[in-house]
Amino acid sequence: MGTPVRGELENLPSREEAAAKWGLDPAKPTLLVFGGSQGARGLNTLVAEAAESLECQLLHVAGQLDFERVKGLVGGREGYHTLDFCDDMPSAYAVADGVICRSGASSMTELAYLALPSVLIPYPYAADDHQTANAKVFADAGAALMAQEKDLDGEKLAALARQLLPGAPEREALVTQTRILGEGSAVEEIVKVVVGETSAS
């Protein structure tokens, strides 16, 4: 049946509108970065280090607890926009050519729904290591690149991230396979089940 996708992702703003919201250039390649509700510090550090050798813009949702530290790491780097919290994910996704993130089920469902290629870095302390299992599904299907945090440094992450950017030879296959995994929102199917059960009771 799949995981429901929030309705606001069904109609994203234009890339130009989204770029203007975040103070970015719509003509330049852009990566979206977010760490989820926990365990973002290691990911944030890796991205800040990788940014030094990436020729693209970054929209980095660093989290409220790590926001000031990340801003200090990246300084005033042009094209690097750091947020403590994002209350407009449709605009964040709309400006992104690729995503660097953890591999929670909801995030991955959204990536598949929007056919966004990604580098997945599982949260290393997740219960039963379920985020690695999630990421492996995408990686094995050729829909994402996966790496464990302990195996990465800034240069290694930058090399992976470049494969998500327009013009990279690997990007088209990643987008195609991500789209195949995206089955659309599961809301309608869930409603059918609930209505069916309700009718039968």
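Because the structure is a prediction, the values reported are computed rather than measured.

Caption draft 1: Main features of the environment of Glu8. Positionally, Glu8 belongs in the segment before helix H1 (15-22). Glu8 sits in the partly exposed class, given a relative accessible area of 42%. Along the sequence, Glu8 and Asp88 sit 80 residues apart, while their C-alpha atoms lie 9.3 Å from each other.

Caption draft 2: The arrangement of the sheet that holds strand E1 (residues 30-34) in detail. Spatial ordering of the open sheet is given by E3-E2-E1-E4-E5-E6, a layout of six strands whose pairing is parallel. Every other strand in the sheet has two partners, leaving strand E3 (80-83) and strand E6 (145-146) as the edge strands with one partner each. The sheet contact formed by strand E2 (residues 57-61) and E3 spans four bridges and is parallel. By the bridge assignment, Leu58 is partnered in E3 with Tyr80. Sheet contacts for helix H2 (residues 41-50): E1, E2, E3 and strand E4 (98-101); angle to E2, the most-contacted strand, approximately 165°. Sheet strands touched by helix H5 (residues 105-114): E1, E4 and strand E5 (118-120). Its angle to E5, the strand with the most contacts, is close to 160°.

Caption draft 3: Quick peek at a negative patch on the surface. A cluster of acidic residues, Glu49, Glu52, Asp153 and Glu155, forms a negative patch at the surface. With respect to the helices and strands, the residue Glu155 is situated in helix H7 (residues 154-162).

Caption draft 4: Here's a closer look at helix H8 (residues 171-181). For H8, the complete set of buried residues consists of Arg171, Leu174, Val175 and Thr178. The buried residues of H8 occupy an angular sector of 95° when projected down its axis, which confines them to one face. Residues of H8 that are exposed and point more than 90 degrees away from the buried face comprise Glu172 and Ile180. The secondary structure elements touched by the buried residues of H8 are H5 and E6.

Caption draft 5: Representation of the side chain of His60 within the structure. Note on placement: His60 falls in strand E2. Polar side-chain contacts of His60 include one of 2.6 Å to the side chain of Tyr80. In this view, His60 contacts Val33, Asn44, Val47, Val70, Tyr80, His81, Thr82 and Leu83; residues no more than four positions away in its chain are not counted.

Caption draft 6: Here's a closer look at the packing of aromatic side chains. Inspection of every chain in the model, using the stated rule, returns two aromatic pairs. A cation sits over an aromatic face here: Lys21 above Trp22, 5.1 Å from the ring centre.

Caption draft 7: Region of interest: unusual backbone geometry. Notably, Ala115 is not glycine yet its phi reads approximately 55°, a positive angle. Along the chain, Ala115 falls in the loop between H5 and E5. With phi around 55°, Asp128 is a residue other than glycine that occupies positive phi space. Mapped onto the secondary structure, Asp128 falls in the loop between E5 and helix H6 (130-140).

Rules used throughout
Residues numbered from 1 in each chain as written. Predicted model: local features only at pLDDT ≥ 70, side-chain atom pairs only at ≥ 80, totals over all residues. Heavy atoms only, no water. Helix = DSSP H or I, 4+ residues; strand = E, 2+ residues; numbered from the N terminus. Buried < 20%, exposed > 50% of the residue type's maximum accessible area, 1.4 Å probe, protein only. Pairing = 2+ DSSP bridges. Contact = heavy atoms within 4.5 Å. Axes fitted to C-alpha atoms, helices over the stretch in contact; angles between N-to-C directions. Patch = residues over 30% accessible without salt bridge, like charges linked within 9 Å, V, L, I, M, F, W, Y side chains within 5 Å. Areas by Shrake-Rupley, 256 points an atom, 1.4 Å probe, with all protein chains shown as cover. Salt bridge = Lys/Arg side-chain N within 4 Å of Asp/Glu carboxyl O. Lys, Arg positive; Asp, Glu negative; His and termini not counted. Charge placed at Lys NZ, Arg CZ, Asp CG, Glu CD. Arc of directions from axis to C-beta. Polar contact = N/O pair within 3.5 Å; in protein donor to acceptor, adjacent residues only side chain to side chain. Phe/Tyr/Trp six-rings, centres within 6.5 Å; stacked < 30°, edge-to-face > 60°. Lys NZ or Arg CZ within 6 Å of the ring centre and 35° of its normal.

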